[in-house]
Amino acid sequence: KVAFVFPGQGTQYVGMGKDLYEKSPRAKEILDKMFQSLDFDLKSIMFEGTAEDLKQTKYTQPAIVALSLTLMELAKEKGLKADYVAGHSVGEYTAYGAAGMLSFEEAICLTAARGQIMNDVSEKVNGTMAAVLGMPAEKIQEVLAGMDGVVEAVNFNEPNQTVIAGQKAAVEAACLALKEAGARRVLPLKVSGPFHSPMMRPAGEELAKVFARVSMNPLKIPYVANINAEVITDCGRIEGLLVEQVSGSVRWQQSVETMIREWVDTFVEIGPGKTLTGFLRKIDKNVKAYHIGSWEEAVQVCEELK
């Protein structure tokens, strides 16, 4: 079985999608429809924007989802099919488009709303994130339990990488404590807020108001949810999961393990960067991992998997 998996924030790059847009008339058509559905110029930000522009959450998130959806559609048109879909953090919105629950235009508009809301909340709270390498998640949680302030393990990416988030001072203190406790490395992340921590709950409340105005179609492909690593086939559950996801954990390692238990043996990461492919190799070396981040890679992977 095959799973399409979609990356989240941190994979963006200057000029993302421009080459694809210029080389493929079909990609241009798909991207233009998404660009036209927004009230800001995402095309200019993706193609000509600076690294600083792309780092702003309100632009980062729709840019990643727009490129990922376009690459996925090109791969599908070449015959590549998925039995399951999943996305890391904002990558879940790509997964909803891939699963047919939302049109591409709806997916990009919801993503843009999510990015703006998270941007606004982040500006009001003094929070940050850090990646902890070389320490089991259980040990990290033990150390964090003894810290003052708000700091939690929020992204369970692979056996030896967990991301923590919370109040800036609490995260900085936790970084020191984790190093002393034996973490191999602790890396502060260049993000604009404490994503997936309890400090983002106001963002979830605002997102709930947006989702209330959106009608969701039945899922054509099951997806595995970040928040609980469960296979979801009922779109009636999704709104609540989406609201909870903003301030809840990304259980990526557990999500991959769920798909492997469902007999998925081939994962295709679709979108910018190869972050999820790297995680996959750490979670289970026996699965096949492919990456589609360009037109050339779409052609190559589709040929290999025919």
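Each remark here, short or long, concerns the structure printed above.
S.K.: Just give me the short version of the overall build of the protein chain, but keep the residues and values in it.
M.R.: When helices and strands are tallied, the protein chain shows 14 helices and 10 strands. Taking 306 residues into account, the globule formula puts the C-alpha radius of gyration at 19 Å, and the protein chain, at 18 Å, falls close to it. Each principal axis of the C-alpha distribution contributes one length, and for the protein chain these read about 55 × 45 × 40 Å. Burial statistics for the protein chain: of 306 residues in total, 56% are counted as buried. A separation of at least 24 residues holds for 73% of the contacts in the protein chain among residues at least 6 apart in sequence.

S.K.: Tell me about the pattern of salt bridges, residues and numbers included.
M.R.: With the rule as written, the count across this model stands at 11 salt bridges. Taking the shortest distance from any N to any O, the salt bridge between R26 and E77 comes out at 2.7 Å. In this pair, R26 is assigned in helix α2 (residues 25-36) and E77 in helix α5 (residues 57-77), connecting sequence segments 51 residues apart. When its relative accessible area of 28% is taken as the criterion, R26 is described as partly exposed. Ionic pairing is found between E206 and K209, a salt bridge with its closest N-O pair at 3.0 Å.

S.K.: A description of the packing of aromatic side chains should follow, citing residues and the corresponding values.
M.R.: Inspection of every chain in the model, using the stated rule, returns six aromatic pairs. Each ring, one from F40 and one from Y59, has its centre 5.6 Å from the other, and the planes form 50°; the classification is tilted. A residue pair is termed long-range when its members are at least 10 positions apart, and F40 in the loop between α2 and α3 (42-48) and Y59 in helix α5 qualify at 19 residues. By relative accessible area, which is 23% here, F40 ends up partly exposed. Relative to Y223, the ring of Y96 lies with its centre 5.1 Å away and its plane at 90°, an arrangement referred to as edge-to-face. One end of the pair, Y96, is in helix α6 (residues 91-98); the other, Y223, is in strand β7 (residues 223-224), and 127 residues separate them in sequence.

Quick notes on the rules
Residues numbered from 1 in each chain as written. Predicted model: local features only at pLDDT ≥ 70, side-chain atom pairs only at ≥ 80, totals over all residues. Heavy atoms only, no water. Helix = DSSP H or I, 4+ residues; strand = E, 2+ residues; numbered from the N terminus. Rg over C-alpha atoms; globule rule 2.2 N^0.38 Å. Buried < 20%, exposed > 50% of the residue type's maximum accessible area, 1.4 Å probe, protein only. Contact = heavy atoms within 4.5 Å. Salt bridge = Lys/Arg side-chain N within 4 Å of Asp/Glu carboxyl O. Phe/Tyr/Trp six-rings, centres within 6.5 Å; stacked < 30°, edge-to-face > 60°.

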